[in-house]
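# Summary of structural features
Single-letter residue listing:
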Amino acid sequence: MENQTTTTRTALKWGVIIGVISILYSTAIMVSGQIGNQALGYVVYVIIAVGIYLAMNDFKKENQGYMSYGQGLGLGTLKCAIVGLISGFFSFAYMKFIDPTITEQMMKKAVEEMEKKGMPDDQIEQAMEYSKMFMSPGVLFVFSLIGMIFIGFILSLIIAAILKKDKSVFE
């Protein structure tokens, strides 16, 4: 029993690891000017899912191969909350202090995408006015944290169902 670890300790460990990886990945995207590239945006979900999987496997290894569904769900969701805090804080700092023009670049990319789709100018203008309300670093931090927790919860529901292994009542 003394070798067992807690879901919180494992979530902190893997939350920091995946948080740093997500910072490196998002920095590479921002510096390379690939902000609007949706395909690169989907890679984040793969990173999150792999992080949840690795965290749950690590937890099981430290707990004699056992992990209940609830432990897995809590572990994955907490890990993603930590990733959300780390990456959200970094994004906030990056947008506020390192490259304040990143918001303008994101807006410009959005306008280009809408123009490619053939949207009328008045609709584009209306969409941009609406988007400006949500493009401040503080609002983006809150939404990215909530989004990361939500995505982490959904992915954890699935991954925990696959990896769970309850202790036998006869052990």
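### Section: the overall build of the protein chain
Looking only at helices and strands, the protein chain has six helices and zero strands in total. Put simply, the protein chain runs from its N terminus to its C terminus through helices and strands in the order α-α-α-α-α-α. Its C-alpha atoms give the protein chain principal-axis dimensions of about 70 × 30 × 25 Å. The burial tally for the protein chain puts 34% of its 171 residues in the buried class. Put simply, of all contacts in the protein chain between residues at least 6 apart along the chain, 80% involve residues at least 24 apart. Entry remark: accessible area of the protein chain is about 10300 Å², with carbon and sulfur atoms responsible for 66%. Positive and negative side-chain charges in the protein chain, numbering 14 and 14 respectively, have mean positions lying 10 Å apart.

### Observations concerning the packing of helix α2 (residues 38-62) against helix α6 (residues 137-163)
Packing of α2 against α6 brings their axes to within 10 Å, and their N-to-C directions diverge by 50°. With respect to α6, the element α2 is oriented oblique. Along this stretch, α2 crosses α6, giving a crossing that reads as right-handed. Residue-level contacts link Y45, I48, A49, I52, Y53, M56, N57 and K60 of α2 to M148, I151, G152, L155, S156, I159, A160 and L163 of α6. Residue composition of the contact of α2 with α6, grouped by class: 12 nonpolar, three polar and one charged.

### Re the pattern of salt bridges
Going through the model one piece at a time under the given rule, you end up with three salt bridges. Between D58 and K13 there is a salt bridge, with the nearest N and O atoms lying 3.0 Å from each other. With D58 in helix α2 and K13 in helix α1 (residues 7-32), this pair connects stretches of sequence that are 45 residues apart. Note that E113 and K116 form a salt bridge whose closest N and O atoms lie 3.8 Å from each other. Here the residue E113 and the residue K116 both occupy positions in helix α4 (residues 102-116), the gap between them amounting to three residues, near one helical turn.

### With respect to unusual backbone geometry
Unusually for a residue other than glycine, Q64 sits at a positive phi of about 55°. Its location among the elements puts Q64 in the loop between α2 and α3 (69-98). For Q64, a relative accessible area of 43% gives the class partly exposed.

The rules behind these values
- Residues numbered from 1 in each chain as written.
- Predicted model: local features only at pLDDT ≥ 70, side-chain atom pairs only at ≥ 80, totals over all residues.
- Heavy atoms only, no water.
- Helix = DSSP H or I, 4+ residues; strand = E, 2+ residues; numbered from the N terminus.
- Buried < 20%, exposed > 50% of the residue type's maximum accessible area, 1.4 Å probe, protein only.
- Contact = heavy atoms within 4.5 Å.
- Areas by Shrake-Rupley, 256 points an atom, 1.4 Å probe, with all protein chains shown as cover.
- Lys, Arg positive; Asp, Glu negative; His and termini not counted.
- Charge placed at Lys NZ, Arg CZ, Asp CG, Glu CD.
- Axes fitted to C-alpha atoms, helices over the stretch in contact; angles between N-to-C directions.
- Parallel < 35°, antiparallel > 145°, perpendicular 65-115°, else oblique.
- Left-handed = near helix turned anticlockwise from the far one by under 90°.
- Nonpolar A, V, L, I, M, F, W, Y, C, P; charged D, E, K, R; others polar.
- Salt bridge = Lys/Arg side-chain N within 4 Å of Asp/Glu carboxyl O.

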